[in-house]
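Structural overview for review
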Amino acid sequence: MSDALFLEVLGDGDVPRAELPRQGRLIVGSSADRASYVVTGQGVADVHCTIARLKGGGWAVKDMGSDFGTLLNGERIETARLNEGDVLLLGSRKIQVVSTAAAPEPAPAPAPKPKPEPRPRSTKRDAGALPTVAGYRVDRELGVGAMGHVFLATQESLDRRVALKILKPKLASDDTFVRRFRDEARAAARLNHPNIVTVYDVGESDAHHFLSMEFMAGGSIEVRLAELGPLPWREALDVVRDAAAGLVYAESRGIVHRDIKPENLMRNQDGVTKIADLGLAVQVEQESVDAAGGKVFGTPHFVAPEIARGQPADARSDLYSLGVTAYRILSGQTPFTGASPREILRSALNDEPEKLGTLVPGLPPAFEAIVHRLLEKDPDDRHPSASILLTEVERLRTGGADAPAEGGGGSKRAMVLGVLALAIAGAGAFALLGGGGDDPDVPRDSFRAGPRDETTAVLEPPTDDTPPDDGEGEPTDDPAPDVDEPSEDPSSSGTNGATAPDGAVEFEYMAERALLRLSDEALTPEARANRLRALAKEYAGTDAARRALEEAEKLETGDVEAERVAEARGTALQRANADLRKAANLDADPFHPGTALRAMNLVPEPASLAGAAELAAARMALVDEVLAKGLERGRAAVAAADAAEAAGDFSGTGDPLRAFLTATDLPSAEDAPQLVGEGAPESLAEFETLAATVRTRLDVLEGRRDEFADLRLSRERTAIAGRLGESLEEGLRSFSLVDASEGVRSASTLATDERVRDRLVRAADDLQSAASVVESLIAAWTQPGWRRQSVLDPRPDENGAIDVVGVAPGSLLLDEGATPTRVPLSTWFGRTRELENLFRGRLNREWTPEERRGIAALLTISATLQALETLEPALMAGGRRLPASATEKALRPFEEALEFADDDEATLVIVREQRDAVASFADGLIARQRGDWVLAAELFERLLEEQRGTWLVMLLSEGGAPR
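A brief look at the structure comes next. This one's a predicted model, so the numbers in the text were calculated from it and none came from an experiment.

So, on to the pairing of strand S27 (residues 821-824). When strand S26 (residues 811-814) meets S27, the two strands line up antiparallel, connected through 4 bridges. By the bridge assignment, leucine 812 is partnered in S27 with valine 823.

Dropping the structure here:
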């Protein structure tokens, strides 16, 4: 290796080489102000990585927390040694390490560059050391992720290769994180789908917390993208198909992934794409700032707009992330970019993505339409579910590049089902049929007929020639599949107006529909016979035409006996249907589908209807209605559980789910044969899926008890903050200390945590003591009891001392010449030095210990208000930066309070605690503005967890922010 090595951006001769540093470090990034080697491109951070010389010779590269990470020879790294020939991937830019001897040879196409053999690499983990995990033989490191390092290992008991994830020490030391990690890993291990990476085991060994999972030999799609660039559209379509199939399963289990991106889509040795980390909600994600200034967790480029707006994520949020993923793997870039996470999210919320077809020549318009629909900002405008997306993708895969993006094909199958339903029903009363086509954009219930008289139903809305409803009959606006009417042009038809062979099914359907409408009309026998013959002529050759002629002949020959039999059959069918509905007891509360189905099976079949297709169809329609009623109850239970979970109510989450499970005990196949086989209602699968989801949710519920407790505590804190925000700051700034004391005491009644309640009660007592000592100061004037009248002038535009010449309620009269000026006591509040002077050596007697404690409390509150004014520039959106001296300035006013508390240890502790809270807050703000998010988060978390009873936290509560 040459002594001098250089970085060279591949494929861009305009970017000069940069020599690796002989000393110090080389900063690589897109910012001309912050980077010493400027490389621009999508996904390249301002400061992306640094390269430094090693003491023993050679160089090392370190990722600086970039969004897309730093990849070395296709593997994501934190810190690694650099060698000649290595290729770095920073976002969309490839950079190779070259010597001065020759420029790097272009990579052969289309075959990827072979991966180099893994070599020891220095990371934050012990250099070159492989962990020891009982039961596993660790072979080599595969890479590093947000939660820890990933190794290729062999599970010795099964001689099975696995990917072994070892938690980072910092996360492993967090007991709460580890507990949640274990619980959710166990839940994830119960997930079983060919497009989900399987979790095998979770545990602890040799001080390592680990997770073993299916080894994906093909690596991530992100690595594939890094090695070969954008994927051909057919390969990308296969990736989307596999991911959509995995998300269909996730939806059925009630799981939202929240971090779908190319890095979390893995391929096995057969080229099948699988979703990684499904069900692991405790994953450590990058913190970003949303467009409104709040915080969002996730990779900014892939975060759905509703999450960026602070709204809850659902399955459609994963579909958005999959859309961004598809956009990236097709074009090599993401649809929205920016110089910072805030700018990326703002662009995703406000801008429209560039049309994918302009970036990917030859991309089928149908595929482009699918991706752009996934990228819709409103979740309601995206695919309603992953299953509908999967249907569209499969249609495109099987139909080729010209397949439609949506619709197409589903309505025709629905039409065929309608014909079959009418054929089963016969010429008499028509059965209720629960059906549905494959068209994903038409709700399933759109193909289910609505009842007319419990025995008949329609499958299609009336056409324009249908007689208007006279108010006596049933409504005729039942939903039906969309079909094209046959042309009235004779040149487009066959004999007697029949459509061409390709339209035969449609023509048959139109005939059936016309016969059905005619059966509903109130006509004399003669008029009906004439209309039937006209119908038979118009639709000659159809089964409906044949039955119309048969019925017309019966009417014309006066076959009243046949009519009487048909009427009796209709009455029997209506009565049987009524008996079934009575047994089902759909109005029962609570409704139990299993009980209803068993009761229906006990209803005997009338002898006159033995084997009747109409009765079988009616029974099946009622079974479908029973299951739909059960689904309604299940969804209501899930909604109640969701509401309880949002409120942190542990029992309220589990109780409705357990109650619903009692309704999922359906009859066996022997007792209810209509629930098995091809004839089973479509709602059965949906019902069973919902039941499985509820069971899974209950399985993991117990492990989330602590999480619920934390959520309940969070709700409690919010309620307390709201109560404080109503009166605290207003009472303090107006010097209404008694009112402020009552507000704090009222807030203490909301606390269930004894420590929080005690702190609030103590704060209320301090306010009461402060109010009493102020009253003592005012009362001493009239006795007279003041030792000296000169005070420091508290007014902002005044300096120096001024004499007090009198007192008034809530005010002092200051000497301003002929007419004294009345200055409210609230003017001294927040000007701690002037307030302290108002009490220092003021009376002809010494303050009592109780009074000194009250003065110390008053000065402490004033110091906190003054500190907030100092820190206020950094609190506002887009606020100014704080100087390093801001912390010292914010803490200085507390010195006056400490002087009054110098001989009372308990008071000293209280004042120091209040001062420490301000120090943590100021240091956190300064850390945040310099980009040290880890330190800022630690300081703010400690403030909220350990110092939430301080004046600072109370004043920062909702409604109490400084003005």
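Formed by 72 residues in total, the largest nonpolar core has its most connected members in Leu732 and Phe839. Sequence-distant contacts of phenylalanine 839, that is, excluding residues within four places in its chain, are made with Val773, Val774, Leu777, Trp847, Ile855, Leu858 and Phe900. Residues Leu225, Ile260, Val303 and Leu396 belong to the second largest nonpolar core, which totals 53 residues.

Right, let's get into the pattern of salt bridges. Oppositely charged side chains are able to pair whenever their charged atoms sit close together. Inspection of the entire model under this criterion finds 37 salt bridges. Between aspartate 655 and arginine 658 there is a salt bridge; the shortest N-O distance is 3.4 Å. Here the residue aspartate 655 and the residue arginine 658 both occupy positions in helix H18 (residues 650-661), the gap between them amounting to 3 residues, near one helical turn. Between glutamate 899 and arginine 840 there is a salt bridge whose closest N-O contact spans 3.0 Å. Within this pair, whereas glutamate 899 is found in helix H26 (residues 894-900), its partner arginine 840 is found in the loop between helix H23 (832-839) and helix H24 (849-875), the two being separated by 59 residues in sequence. Judged by its relative accessible area of 41%, glutamate 899 is partly exposed. Of the residues examined, arginine 840 reaches a relative accessible area of 30% and is grouped as partly exposed. Among the charged side chains, a salt-bridge network with shared partners connects Asp238, Arg241, Asp242, Glu394 and Arg397.

With respect to the helices, strands and loops of the structure, leucine 812 is situated in strand S26. Note on leucine 812: relative accessible area 0%, which makes it buried. Between the alpha carbons of leucine 812 and isoleucine 778 there is a distance of 8.5 Å; along the sequence they are 34 residues apart. Non-local contacts of leucine 812, meaning those with residues more than four positions away in its chain, are made with Ile778, Trp786, Val804, Gly806, Val807, Thr821, Arg822, Val823, Leu825, Trp828 and Leu838.

What follows concerns unusual backbone geometry. The residue after aspartate 589, namely proline 590, is reached through a cis peptide bond having omega 5°. Checked against the element boundaries, proline 590 lands in the loop between helix H15 (560-584) and helix H16 (593-601). A cis amide bond links glutamine 783 with the next residue in sequence, proline 784, at an omega value of -15°. Along the chain, proline 784 turns up in the loop between helix H22 (754-781) and strand S24 (790-792). For alanine 207, which is not glycine, the phi dihedral falls at a positive 70°. Inspection of the secondary structure puts alanine 207 in the loop between strand S15 (199-205) and strand S16 (208-214). In this model, asparagine 585 sits at a positive phi of 50°, which is unusual for a non-glycine residue. Summarising the element assignment, asparagine 585 is placed in the loop between H15 and H16. In this structure asparagine 585 comes out as partly exposed when scored by relative accessible area, which is 43%.

Glancing now at the environment of arginine 852. On the secondary structure map, arginine 852 appears in helix H24. Remark: the alpha-carbon pair of arginine 852 and phenylalanine 839, spanning 13 residues in sequence, is separated by 9.5 Å. Ignoring sequence-local partners within four residues, the contact set of arginine 852 consists of Trp847, Glu899, Phe900, Asp902 and Asp903.

Calculation criteria
- Residues numbered from 1 in each chain as written.
- Predicted model: local features only at pLDDT ≥ 70, side-chain atom pairs only at ≥ 80, totals over all residues.
- Heavy atoms only, no water.
- Pairing = 2+ DSSP bridges.
- Helix = DSSP H or I, 4+ residues; strand = E, 2+ residues; numbered from the N terminus.
- Core = buried A, V, L, I, M, F, W, Y, C linked by side-chain atoms within 4.5 Å.
- Buried < 20%, exposed > 50% of the residue type's maximum accessible area, 1.4 Å probe, protein only.
- Contact = heavy atoms within 4.5 Å.
- Salt bridge = Lys/Arg side-chain N within 4 Å of Asp/Glu carboxyl O.

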